[in-house]
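In case you want the letters, here they are:
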Amino acid sequence: MGYLKKVSFWAKHCPENHRHRQLLVKAELARVQKRYKRAMDLYEQAIVAAENSGVPLDTALSYELAARLYKSWQKPVIAETYLHHALKLYQRLGAHAKADHLSQQHQLANPERLSEVPVQPVKPVSGDRQNQILDISSVIQASHAIADEIELASLLGRLISLAMENAGGQRAILALRHEDELFIEAEADLHETPSFFSGLRLEEEQSKLPVNIVHYVYRTKETVVLSNALEHEMFMYDPYLRENQPRSLLCMPILYHGDLTAILYLENRESTDVFTKENLETLRILAAQSAISIENAKLYQSLKESEQEFRSLFENAVEGIFRTTSRGAFLSVNPAFSTLLGFSSPADFLAERSNVRDDCFQEQKQLKHFTALLQRDNRIHSLEAVWLKRDHSLVDVAISARRVASDDGGILYYEGSVTDISERKHREQAEQARLEATLARKKAEAASEAKSQFMATMSHEIRTPMNGILGMTQLLMRGELTADQQAQLQTIYTSGQSLLAILNDVLDFTKAEAGQLALDPHPFRLQEALDEVAAVVQPMADEKELIFDLQLVGATVSMTASDQPLMGDKRALCQILLNLCSNAIKFTGRGGITLRVTAPDSSISSLRFEVQDTGIGIAPDFHGRIFQHFSQADNSVTRRYGGTGLGLSICKQLTELQGGRIGFESEPRKGSTFWVELAYPPVEPCLVESDFASSVLSLTGSSVERPALQSQQPKLTPLSILLVEDTEINQRVAAGLLESDGHHVDVADDGFTALSLHHDHDYDLVLMDIHLPDMDGMETAARMRQHRNPVKANVPIIALTAALTTGEQQRYQQGELDGVLGKPLQYDQLVRLMMDRFGQSADNDYQEDSASEFEDLSGERSVPNAEHSKPDQPDGHQTESDLLALEVIEQHISMLGAEPFRELVTGFHDQYAQLFAELTASLTNGDSATAASLCHRLAGSCANFGLKRLQIEFKALEQQIHERSPDWQPEIEQLRQLYQQSSEQMQAWVENPVKSL
């Protein structure tokens, strides 16, 4: 190997002197390694190179070594030919000793020495000897002719022509083997051009040759020669032989390393004994050379087909494919590559751009990264970069490339592919923009929610001390004060009311901005809405000595006269009109305001409300921002008249929420007219409740005369009552209501204390909470019934419970109870039960009403069963009718007074926080029994304060705990939100029923 490297180095720098030596050494290596085909080719190349270089000694040596190859390859005839060439060259060079040695070694006749022998008469050469010499010469020439062919079709045509020529055949067929099947590839007649076929299966062409004989040769790999084919016993019945009757035939296998490569079929239709032993030997030599040539041709054809396939892939690939030198110079590109960069063809691209480094990358940073990765890893996969197109526009691409090295490790070239990823990049950018927009929207929503929560919390926190300030101010104003003190207190009270109004405006705006304002459409009568607005506006106008005029125009007169009901959100309408009228009064110093209602069409489905004043008006420069939040005409207006600038913004949002329009006309110092157009379709009167007015809470609060509940309830003789209730806030509410009516109340917070008080005192009535710690209300009642004193044993017991399902009602009725009241406690129902029980006088109408109401122990006026009425989720848009039982709150305020009720509410919040914390801890610790009991207590407390939605949710959670559902965390989070909303609405309603609606 060291000598080969040295010779290769010499041949590289001086091929004329050393190329043939390099080839000869490689040929010897191939011969030693028994790669005969390779060695044969190399010997031929060495002989030609030595002859071209004019080195006859090396040429003779090449012939001698080639002969050695053919001898070891078992081809003595061909070897003898090469030896004669070598012998002749040695003689010409005068190397007689070498020539003699070669002749003796291989038993060759020396043609040069024969001429020196004395001439003697010799016998003429016989015909057989002369034919043999001619056959050998023909075979050598034929072998060279076959070896020169590389195309399979040309090779097969030459082979069958030579076979017919040397064997005396008239017709020849050559069949090649492909995957254990024979296919006819070529056919020739003596005087015709050969025909070639593709995929012609032997079995399907029995008319062309005797298939039975071919199969025999295929199986045995033996040559079949028939001198007279029709007389052979084995094959005489072959269909082809019987039909065509050839006189002589030959079928010979062509073997390559012992494996069948092809079968040669020859026939002569005119003569017998055509294919002699000598012809057969010639054909065998020809077949041996043919086997090599056929395999070479098949290999070449396979390589050519593969090259065509890969060329097709290269030319038609969707991805751009390229190959460059080690320095980045382009060697080739495919059409997709040139098209990607804006060129019409690869030739067009290569003519203009020469180097991938200089002509493609738009950024040097990306080029350096590409080069570094390729040098480090030898390959790159899907590296994204920006390339320059022909017109200098940019295209996003993904590059994959690898380094191809030689055997000694040197770089041969780089090859790779390029894909256009511009569309994917655009999609990614669009998706990124969408995600960023979504994130920004979520952040904005979270910020808005946080602001809303903050505003609600601040409003609640500010209201609490304000309630104390306003309440104590009102108490002081009732005492004996001087005129100055009265004026000072009035100023405090007025300022506090203004602050509350500002808080209400801010809270309403926050709800509107967060999208939490929701409509609650119900049938209502226009006249009632206008009356409620007028009840609020009239005192405000009177205070400033202004005239307030309510005008009905056109069809609205007959509509109000006929009490035609409309479908819509009455609260939203009243709030809009109140805000507009309040603004008009605020900015009007003298004159008056007019509320005008018109129906633009006779169908009265659309109404127009106008609020006209004689106030300061609005300058044209400020018209564009009048409905913006926190905006007034100018700073001087804010300083002079006050306000937050939210009222008109809320009006606009409420109007648009109802699908209406709002606008105004104004001139400075002449006044303004604000108008609102809303659609309220009429409904049939039968759809409206008979006592419609009683179902709608007045917007005006104390300004509208409302019958007191006490006046509706007949007075009872004061009773001694035992209240058994474990929740402190519920104790205070129930005891407060009873004591306000003159009753004496003792309180027990568990069953054992109740039994002790029951034993020591004579009570007229026991109000028993069912769910008590340690011993529940049912067991406590049963033990009371077992008292030895019959009077004590028969004391009336009325159950108080937040659970009023049908099964529980039946259980209570079958137990030791005289009646059941649901929570929240409806005092009028309790009074009716006591009236019925103790039989005191009352008017007959009231008694009938009480009796009918007492028959329904389920308490339809209380909170419905959570099992049937529970909404899916609190959606943040709950109205008071959704969250609060206003009749319960109204009852407590009417019975107890506003200030005591506020104190109860404060105590409720404290107790709620404690019980809720205990509930969360119990659920976390897996204490289901305690958690269920706490849910029941919380449900009862919420019911007593009119928080009906919270009561429903706590009952649902209690049921969920009983069913051992593990998923309680969402319920806890939901209850936190719902408590916040309910508390805010209850606080707002208690402090200012007008604004809360």
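What you are looking at is a predicted structure, and each value in this text was computed from that prediction instead of being measured.

Once that is clear, we can look at the overall build of the protein. Helix and strand counts for the protein stand at 39 helices and 23 strands. Relative to its full complement of 997 residues, the protein shows a buried share of 47%. Carbon and sulfur atoms form 50% of the exposed surface of the protein, whose accessible area is close to 50,800 Å².

Another point: unusual backbone geometry. One non-glycine residue, His 257, adopts positive backbone phi at about 55°. Positionally, His 257 belongs in the loop between strand E5 (248-256) and strand E6 (259-268). With a relative accessible area of 59%, His 257 lands in the exposed category.

Turning to the confidence of the model for the protein, a few remarks are in order. Do not read the predicted coordinates in detail wherever pLDDT is low. In this model, the protein carries an average pLDDT of 78, and 78% of its residues clear a pLDDT of 70 or more. In the model, residues 111-134 has pLDDT below 50 throughout and makes six contacts with residues more than four positions away in sequence or in other chains. This stretch, residues 840-877, has a pLDDT under 50; its non-local contacts, to residues over four places away or in other chains, come to 72 contacts.

The next point concerns the pattern of salt bridges. Within the structure shown, the criterion is met by 39 salt bridges. Taking the shortest distance from any N to any O, the salt bridge between Glu 204 and Arg 201 comes out at 3.2 Å. By relative accessible area, Glu 204 is classed as exposed at 51%. Arg 201 gets classed as partly exposed once you look at its relative accessible area, which sits at 27%. Taken together, the shared-partner salt bridges connect Arg 171, Glu 187, Lys 208, Glu 267 and Arg 269 into one network.

Bringing the nonpolar core into the picture now. In terms of nonpolar packing, the biggest core is built from 56 residues, with Leu 767, Tyr 912, Leu 919, Phe 945, Leu 950 and Phe 954 touching the most fellow members. With nine residues, the top contributor of residues to this core is helix H35 (residues 898-925). Both domain 5 (720-835) and domain 6 (886-991) contribute no fewer than three residues apiece to this core. Setting aside residues no more than four positions away along its own chain, Leu 919 makes contact with Ala 931, Leu 934, Cys 935, Leu 938, Phe 954, Leu 957 and Ile 972.

In spatial order, the strands read E8-E7-E11-E10-E9; together these five strands make up an open sheet with antiparallel pairing. Because the sheet does not close on itself, it has two edges, and the strands there are strand E8 (330-333) and strand E9 (379-388). Shown here is a sheet whose adjacent strand axes are inclined to one another by a mean of 25°, direction ignored. On the sheet, helix H16 (residues 364-377) packs against E9, strand E10 (394-405) and strand E11 (411-420) and is oriented at approximately 165° with respect to E9.

Before going further, it helps to examine the sheet that holds strand E3 (residues 195-201). The six strands are arranged E3-E2-E1-E6-E5-E4 in an open sheet whose pairing can be described as antiparallel. With one partner strand each, in any of the chains shown, E3 and strand E4 (224-226) form the two edges of the open sheet. On average, adjacent strands in this sheet sit at an angle of 15° to one another, irrespective of strand direction. Contacts from helix H12 (residues 277-316) reach strand E1 (171-178), E4, E5 and E6 within the one sheet, and its direction differs from that of E5 by about 45°.

With seven of seven residues buried, strand E15 (residues 592-598) is to be regarded as a mostly interior element. What you see with E15 is no split at all: Gly 592, Thr 594, Arg 596 and Thr 598 on one side and Ile 593, Leu 595 and Val 597 on the other are buried throughout. Pairing of strand E13 (residues 547-552) with E15, which is carried by six bridges, proceeds in the parallel orientation. Within E15, the position partnered with Ile 547 by the bridge is Gly 592. Strand direction decides the pairing type here: E15 and strand E16 (residues 606-613), joined by six bridges, are antiparallel. The residue bridging Arg 596 from the neighbouring strand is Glu 610, located in E16.

We now examine the pairing of E8. When strand E7 (residues 320-324) meets E8, the two strands line up antiparallel, connected through three bridges. Each bridged residue has a counterpart across the sheet, and for Arg 323 the counterpart in E8 is Ser 332.

Running from N to C, helix H25 (residues 728-740) and helix H36 (residues 928-944) cross one another at 35°; their axes reach a closest spacing of 9 Å. Where H25 crosses over H36, the two elements pack in a sense that is left-handed. Residue-level contacts link Ile 729, Asn 730 and Val 733 of H25 to Arg 937, Gly 940, Ser 941 and Asn 944 of H36. Considered class by class, the residues forming the contact of H25 with H36 number two nonpolar, four polar and one charged.

All right, on to the environment of Val 225 then. Tracing the backbone shows Val 225 in strand E4. Here the alpha-carbon distance between Val 225 and Thr 276, two residues 51 residues apart in the chain, equals 8.7 Å. The residues contacting Val 225, other than those within four sequence positions of it, are Leu 249, Leu 250, Phe 275 and Leu 280.

What follows concerns the packing of aromatic side chains. What the rule picks out here adds up to 20 aromatic pairs. Pairing Phe 908 with Tyr 912 gives two aromatic rings, centres 5.8 Å apart and planes at 50°, and the pair type is tilted. In this pair, Phe 908 and Tyr 912 are both assigned in helix H35, four residues apart and thus about one turn of the helix distant. Across this residue pair, the class does not change: Phe 908 and Tyr 912 are buried. Look at Tyr 912 and Tyr 979: their rings are 3.9 Å apart centre to centre, the planes differ by 5°, and that puts the pair in the stacked class. Taken together, the residues Tyr 912 in helix H35 and Tyr 979 in helix H38 (residues 969-991) connect sequence positions 67 residues apart. Since its relative accessible area comes to 17%, Tyr 979 is described here as buried. Lying across the ring of Tyr 413, Arg 323 places its NZ or CZ 4.0 Å from the centre.

Rules of the game
- Residues numbered from 1 in each chain as written.
- Predicted model: local features only at pLDDT ≥ 70, side-chain atom pairs only at ≥ 80, totals over all residues.
- Heavy atoms only, no water.
- Helix = DSSP H or I, 4+ residues; strand = E, 2+ residues; numbered from the N terminus.
- Buried < 20%, exposed > 50% of the residue type's maximum accessible area, 1.4 Å probe, protein only.
- Areas by Shrake-Rupley, 256 points an atom, 1.4 Å probe, with all protein chains shown as cover.
- pLDDT = per-residue confidence, 0-100.
- Contact = heavy atoms within 4.5 Å.
- Salt bridge = Lys/Arg side-chain N within 4 Å of Asp/Glu carboxyl O.
- Core = buried A, V, L, I, M, F, W, Y, C linked by side-chain atoms within 4.5 Å.
- Domains from an automatic or database assignment.
- Pairing = 2+ DSSP bridges.
- Axes fitted to C-alpha atoms, helices over the stretch in contact; angles between N-to-C directions.
- Left-handed = near helix turned anticlockwise from the far one by under 90°.
- Nonpolar A, V, L, I, M, F, W, Y, C, P; charged D, E, K, R; others polar.
- Phe/Tyr/Trp six-rings, centres within 6.5 Å; stacked < 30°, edge-to-face > 60°.
- Lys NZ or Arg CZ within 6 Å of the ring centre and 35° of its normal.

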